[in-house]
Amino acid sequence: MAAEILKYLSVYLLSMVKFFGGPLAGISMGLSFWMTLLLSVTGMMTSVFIFSQVGMLISKWYVQRHRAQNKPIFSKKSRKIVKIWQRFGIKGIAFLTPVLFSPVIGTIMATVLGASQRHILLHMLWSAVFWGVTFTLALHELRHLDLAIFHK
């Protein structure tokens with residue numbers, strides 16, 4: 001019983017930090033497609049919820065710090081990020097979060113760039129479901145191959 005709980009917990013926690021790790025761990029440990037998908041999406045969304053709150057605090061701290069030091073808030077790097085944000089918005093950040101960013105980084109970026117928590121949660125949810133189904137299904141179908149990533 002404790003071993004099963006540890007399996008579930010590891011999939012959940014991995015998905016909070018790096019989304020792809022959840023489906024990979026779940027399938028490699030022999031969890032069902034649906035359980036792996038549920039734990040992966042739930043893990044990512046837990047992280048999104050927590051860091052959408054933390055992201056607001058980081059944003060306020062960042063602005064106050066730069067004002068106190070008389071530094072410009074925008075640098076070359078932050079201007080590039082803003083241009084990307086203006087082009088793709090929260091939908092683009094949400095779509096790329098499970099693939100390129102971690103749920104933590106993607107959520108903080110969206111929050112700092114001004115997306116509302118409601119929009120962050122909504123768009124990260126459809127992204128987590130889309131990528132969760134995609135990753136989990138692909139790994140589920142490939143598990144019969146003798147690949148090193150599927151060995152316990």
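- The name an unreviewed UniProt entry assigns to the protein chain is Small multi-drug export protein, from the organism Adhaeribacter pallidiroseus.

1. Here's the deal with the environment of Leu125
Okay, so step 1: Mapped onto the fold, Leu125 is located in helix α6 (residues 117-142).
Okay, so step 2: C-alpha of Leu125 to C-alpha of Phe95: the two residues are 30 residues apart in sequence and 9.9 Å apart in space.
Okay, so step 3: In this structure Leu125 touches Val41 and Met45, once residues within four positions along its chain are discounted.

2. A word on the side chain of Ser40
Okay, so step 1: Mapped onto the secondary structure, Ser40 falls in helix α3 (residues 33-68).
Okay, so step 2: Using a relative accessible area of 0% as the deciding quantity, one classes Ser40 as buried.
Okay, so step 3: Polar side-chain contacts of Ser40 include one of 2.8 Å to the backbone oxygen of Thr36.
Okay, so step 4: Sequence-distant contacts of Ser40, defined by excluding residues within four places in its chain, comprise Val11, Ser15, Phe19, Gly22 and Pro23.

3. Examining the packing of α3 against helix α5 (residues 103-112)
Okay, so step 1: The geometry of α3 relative to α5 is characterised by a closest axis approach of 8 Å and an angle of 40 degrees between their N-to-C directions. The orientation of α3 relative to α5 falls into the category oblique. α3 and α5 meet at a crossing whose hand is right-handed. Across from Met44, Ser47, Val48, Phe51, Ser52, Gly55, Met56, Ile58 and Ser59 in α3, the residues of α5 making contact are Pro103, Val104, Thr107, Ile108, Thr111 and Val112.
Okay, so step 2: A per-class count over the contact of α3 with α5 returns nine nonpolar, six polar and no charged.

Criteria and cut-off values
Residues numbered from 1 in each chain as written. Predicted model: local features only at pLDDT ≥ 70, side-chain atom pairs only at ≥ 80, totals over all residues. Heavy atoms only, no water. Helix = DSSP H or I, 4+ residues; strand = E, 2+ residues; numbered from the N terminus. Contact = heavy atoms within 4.5 Å. Buried < 20%, exposed > 50% of the residue type's maximum accessible area, 1.4 Å probe, protein only. Polar contact = N/O pair within 3.5 Å; in protein donor to acceptor, adjacent residues only side chain to side chain. Axes fitted to C-alpha atoms, helices over the stretch in contact; angles between N-to-C directions. Parallel < 35°, antiparallel > 145°, perpendicular 65-115°, else oblique. Left-handed = near helix turned anticlockwise from the far one by under 90°. Nonpolar A, V, L, I, M, F, W, Y, C, P; charged D, E, K, R; others polar.

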